[in-house]
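Examining the three-dimensional arrangement
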Amino acid sequence: MTALREHAAAVPLVDHHVHGCWLTPGDRPGLENALNEANTEPLAAFDSAFDTQLGFAVRAHCAPLLGLPRHADADEYWRRRCEVPEPELARLFLSAAHVSEWLVDTGFAGGVADLDDMARLAVGEVREVVRLESVAEQAAAAPGDYASAFDDILWRRTRNAVATKSVLAYRGGFLGDLSEPSPAEVAAAATRWRDEGGTRLTDRVLLRFGLHRAIRLGKPLQFHVGFGDRDCDLHAANPVHLLDFLRVSGDIPVVLLHCYPYEREAGYLAQAFNNVHLDGGLAINYLGARSAAFIARLLEMAPFRKILYSSDGFGPAELHYLGANLWRTGIAATLQRFIDADEWSQADAVRVVDLIAHENAGRVYELGG
């Protein structure tokens, strides 16, 4: 193993965008559905999530942690997984990720560990990322003026949080007007939404309002970008459609999450705007053996001080570990090629690993020591 690979294998990570893991056992169809991001229905009877890049990666990289040979078949993997209590699996996989801090998006619970549960696993510090659309739903249910309620809830929920996040990509996408609406527009939109029941927020006016309130808050703002489930119109989740919003976003860090298949567009935006950053979370897991090529594309255009690490793990604890493991092997393989071609020095490669692994997140989210 080269010195660079040894360093990448051991460097502590800040997982700057992640969700809770499972703590209660489920069945095999549930696991297989959790290994598929895009399909919102049960998988077809003929299909198996184990026959995907992610499924192969789970069998290659996660099986050894369960005492199985690398590439153990899916049936053997499932049988062994069932023998280990789910909280034990969570502690096993999350501790093996060697993550020092988990920045957890709490906006979509879905039967996973909450902040306190994650903290009790004792596998790293846990901090919260507050989802703006969840704040909006609470404000719709509150009495009185919607804008005042939104501001009050946002302030209270983010006092100890490190960032906010928007799933605008799932609620109509980035196409169209993203300017700040007037108070009258907000009041009228809130009345309409409350009259409709105030559940899932899709009103463009209120979505825009939330974004601009987040900017005023002063904490980093994360956006889901690109690949996601089929509720997300992929063509409308291209980050170049955020240009007008980014031009008025000031100095507040804006972090573009996941990015596939728009990692090059995201890299351009990170170069064009001082406050724009990006990661490759979620996509790295799903690309499996092809993830190193994706990591290399992230390094094409984006300044190295603008790239962060995340797993975007949700549900099976394998995803929290696998994101870290694939990133470590992928970044090392990519940078080692640069070293071998005498395009990079080893010292520069080590420095870039540290930047992406934890230093950039420490700066963006003001994590301190």
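Below: a short report on this structure. (Residues numbered from 1 in each chain as written. Predicted model: local features only at pLDDT ≥ 70, side-chain atom pairs only at ≥ 80, totals over all residues. Heavy atoms only, no water.)

Considering the overall build of the protein chain
Cut-off, in case you're wondering: Numbering of helices and strands runs from the N terminus, with a helix taken as a DSSP run of H or I at least four residues long and a strand as a DSSP run of E at least two residues long. Only C-alpha atoms enter the radius of gyration, while the globule expectation follows 2.2 Å times N to the 0.38, with N the number of residues. Between buried and exposed lies partly exposed: a residue is buried under 20% and exposed over 50% of the maximum accessible area for its type, with that area taken using a 1.4 Å probe on protein chains only. By the convention used here, residues are in contact when the closest approach between their heavy atoms is within 4.5 Å. In this tally, Asp and Glu contribute negative charge and Lys and Arg positive charge; neither His nor the terminal groups of the chain are included. For this purpose, a charge sits on NZ of Lys, CZ of Arg, CG of Asp or CD of Glu.
Helices and strands together make up the secondary structure of the protein chain, namely 16 helices and eight strands. Against the compact-globule benchmark of 21 Å for 369 residues, the protein chain has a radius of gyration of 20 Å, which places it among compact chains. Its C-alpha atoms put the protein chain at 60 × 50 × 40 Å along the principal axes. Going through the 369 residues of the protein chain one by one, you find that 56% of them count as buried. Restricting to contacts in the protein chain with at least 6 residues of sequence separation, those with at least 24 account for 74%. Across the protein chain, the mean location of the 35 positive side-chain charges is 2 Å away from that of the 50 negative side-chain charges.

Regarding helix α10 (residues 204–217)
Helical geometry note: an α-helix holds 3.6 residues per turn, so side chains three or four residues apart project in the same direction. Inclusion rule: Helix span, expected: 1.5 Å multiplied by one less than the number of residues in the helix. Distance and chemistry together define a polar contact, namely a pair of N or O atoms within 3.5 Å, with one atom able to donate a hydrogen and the other to accept it when in protein, and with adjacent residues in sequence counting only for side-chain atoms on both sides.
For α10, with 14 residues, the first-to-last C-alpha span of 20 Å sits near the 20 Å given by 1.5 Å per residue. By the criterion of burial, α10 is predominantly enclosed, with eleven of the 14 residues buried. Of all the positions in α10, only Val205, Leu206, Leu207, Arg208, Phe209, Gly210, Leu211, His212, Arg213, Ala214 and Ile215 are classed as buried. With a side-chain oxygen positioned 2.9 Å from the backbone nitrogen of Val205, the residue opening α10 is Asp203.

Concerning the packing of aromatic side chains
Filter applied, for reference: Pairing of aromatic rings covers Phe, Tyr and the six-membered ring of Trp, with a centre-to-centre limit of 6.5 Å; geometry is then stacked below 30 degrees between planes, edge-to-face above 60, and tilted otherwise.
Evaluation of the coordinates by the stated rule reveals 15 aromatic pairs. The interplanar angle of 40° and the centroid separation of 6.2 Å between the aromatic rings of Tyr146 and Phe150 together place this pair among those described as tilted. Placement of the pair is Tyr146 and Phe150 together in helix α8 (residues 146–158), with a separation of four residues, close to one helical turn. Classification of Tyr146 as buried rests on a relative accessible area of 2%. The buried category is assigned to Phe150, whose relative accessible area is 0%. A ring pair is formed by Phe174 and Phe223, whose centres lie 5.9 Å apart and whose planes are at 90°; its orientation type is edge-to-face. One end of the pair, Phe174, is in the loop between β4 (163–166) and α9 (183–196); the other, Phe223, is in strand β5 (residues 221–225), and 49 residues separate them in sequence. A relative accessible area of 0% means that Phe174 is categorised as buried. On the accessibility criterion, Phe223 (0% relative accessible area) is buried.

Examining the nonpolar core
We count it as follows: To qualify as a nonpolar core, a set must consist of buried Ala, Val, Leu, Ile, Met, Phe, Trp, Tyr and Cys residues joined through side-chain atoms within 4.5 Å.
Counting residues in hydrophobic clusters, the biggest one holds 118 residues, and the most contacted among them are Tyr146, Phe223, Leu256 and Trp327. Looking at this core, the element that brings in the most residues is helix α15 (residues 317–340), giving eleven residues. With twelve residues, the next largest nonpolar core counts Val14, Leu103, Val129 and Val364 among its residues.

Remarks on the state of the cysteines
This is how it is decided: Defined by distance alone, a disulfide is two cysteine sulfur atoms within 2.5 Å.
Scanning all chains against the criterion turns up zero disulfides. Cysteine Cys21 is unpaired, with the sulfur of Cys62 as its nearest cysteine sulfur at 13 Å. We note that Cys259 lacks a disulfide partner, and the nearest cysteine sulfur, in Cys232, lies 12 Å from it. On the accessibility criterion, Cys259 (0% relative accessible area) is buried.

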